[in-house]
Amino acid sequence: MADEKKLRLGVLGSGKGSNMVAIAEAASQQDCPFEIAVVLADVAEAGILARARERGLDAEFIAPGRFRTKLDDDAERAYIERLAAARVDLVVLAGFMRILKGEFLRTFENRVINIHPSLLPSFPGLEAWKQALDYGVKVTGCTVHLVDHGVDTGAIIAQRTVPVLDADTPASLHERIQQAERSLYPAALTAFATGRVKIEGRRCLGMSFGQV
Ligand code: GAR
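Here is what the cut-offs are and how they apply
- Residues numbered from 1 in each chain as written.
- Predicted model: local features only at pLDDT ≥ 70, side-chain atom pairs only at ≥ 80, totals over all residues.
- Heavy atoms only, no water.
- Helix = DSSP H or I, 4+ residues; strand = E, 2+ residues; numbered from the N terminus.
- Rg over C-alpha atoms; globule rule 2.2 N^0.38 Å.
- Buried < 20%, exposed > 50% of the residue type's maximum accessible area, 1.4 Å probe, protein only.
- Contact = heavy atoms within 4.5 Å.
- Areas by Shrake-Rupley, 256 points an atom, 1.4 Å probe, with all protein chains shown as cover.
- Lys, Arg positive; Asp, Glu negative; His and termini not counted.
- Charge placed at Lys NZ, Arg CZ, Asp CG, Glu CD.
- Salt bridge = Lys/Arg side-chain N within 4 Å of Asp/Glu carboxyl O.
- Phe/Tyr/Trp six-rings, centres within 6.5 Å; stacked < 30°, edge-to-face > 60°.
- Lys NZ or Arg CZ within 6 Å of the ring centre and 35° of its normal.
- Core = buried A, V, L, I, M, F, W, Y, C linked by side-chain atoms within 4.5 Å.
- Near = heavy atom within 4 Å.
- Polar contact = N/O pair within 3.5 Å; in protein donor to acceptor, adjacent residues only side chain to side chain.

Asker: What exactly am I supposed to notice about the overall build of the chain here?
Answerer: Across its full length, the chain holds six helices and nine strands. In summary, the chain has a C-alpha radius of gyration of 16 Å against a globular reference of 17 Å for 212 residues, a match within 12%. With the principal axes as the frame, the chain shows a C-alpha extent of 50 × 40 × 35 Å. Each of the 212 residues in the chain was classed as buried or not, and the buried ones make up 49%. Counted over contacts in the chain with a minimum sequence separation of 6, partners at least 24 positions apart contribute 63%. For the chain, the exposed surface amounts to about 10,400 Å²; the carbon and sulfur share of it is 51%. Once the 26 positive and 27 negative side-chain charges of the chain are each reduced to a mean point, those two points are 2 Å apart.

Asker: Any chance you could explain the pattern of salt bridges here in plain terms?
Answerer: One side chain can pair with another of opposite charge once the charged atoms of both are near each other. Summed over all chains, the structure comprises 14 salt bridges. Where Arg106 meets Glu103, a salt bridge forms, and the shortest distance between an N and an O atom there is 3.3 Å. With a gap of three residues between them, Arg106 and Glu103 both fall in helix 4 (residues 102-107), about one helical turn apart. On the basis of relative accessible area, Arg106 is assigned to the exposed category, the value being 56%.

Asker: Looking at this model, I keep getting lost on the packing of aromatic side chains. Mind explaining?
Answerer: Aromatic ring pairs: the centre-centre distance and the angle between the two ring planes describe each pair. Tallied over the full model, the rule gives three aromatic pairs. It is Lys70 that lies over the ring of Phe67; its NZ or CZ is 4.6 Å from the centre.

Asker: I keep staring at the nonpolar core and nothing clicks. Help me out?
Answerer: One broad rule of soluble globular proteins: the nonpolar side chains tend to lie buried together. In terms of nonpolar packing, the biggest core is built from 45 residues, with Ile113 and Ile157 touching the most fellow members. Not counting residues up to four positions away in its chain, the partners in contact with Ile113 are Leu90, Val91, Val92, Leu93, Val144, His145, Leu146, Val147, Ile157, Tyr185, Leu189 and Phe192.

Asker: Explain the site of the ligand to me, please; I cannot follow it from the model alone.
Answerer: Residues in contact with the ligand amount to 13 residues; listed here are only the nearest, Gly17, Ser18, Asn19, Gln178 and Glu181. For the ligand, an oxygen atom lies 2.6 Å from a polar atom in the side chain of Ser18. Here an oxygen atom of the ligand and a side-chain polar atom of Gln178 are 2.9 Å apart. Contact with the protein chains covers 92% of the free accessible surface of the ligand, which is 450 Å². Sorting the residues of the shell around the ligand by element identifies helix 1 (18-27), strand 5 (112-116) and helix 6 (170-193) as the ones contributing at least two each.

Asker: Help me understand helix 1 in this model?
Answerer: The periodicity of an α-helix, 3.6 residues per turn, causes residues three or four positions apart to be oriented the same way. In terms of burial, helix 1 is largely enclosed, as nine of its 10 residues are buried. Check the buried side of helix 1 and you find it contacts strand 1 (7-13), strand 2 (34-41), helix 2 (47-54), strand 4 (90-93), strand 5 and helix 6.

Read these as layout, nothing more, since geometry by itself doesn't imply function.
Set out below in structure tokens:
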């Protein structure tokens, strides 16, 4: 596929970057319909930045401003400008631990997607794998969804299930969920980039359960 036709991704993260690495590996395959244009993090020492730079990707820390759970107005503007400068088509949240709102979501309407480590709408918010373990469910998983103004409430693009085992600790369950994330996210991005995902209100068609 010619480079100019690829969907340009802006990946945002706060953590170690295993999803970003999976996306970068998929992007390096011939004929992949997407490419990473830029990687941004709100934590200066986040592993995602080092792992992106190791791969020769453009990666930058942008300070989040004075709030703990969201970007302040100046920071939000800085993120929007950096993503626009990189000519990003789709914003991909990969462990970005701040809520995006107002101006950001208006600028990238229906063009911000996230991966969450549970089968939404169960266990939104923080440490979803721990919430699942504490609740006692036997099956959990991961969800790729559009980002809207709520917390983990946007329309669901794709989901994959993961079993919860008797011997699981929060760490072992999170690792199993992350393995599923590393294949689900690139698959969802491929579907998105090739126009297979159709948004009809709350329903995103094109990636039925079992097909991915
Ligand atoms: C992933 O497990 C992702 O699902 C989770 O953060 C982790 C980031 O890992 N995201 C959330 O909990 C968002 N609510 P990574 O930095 O290794 O990709």
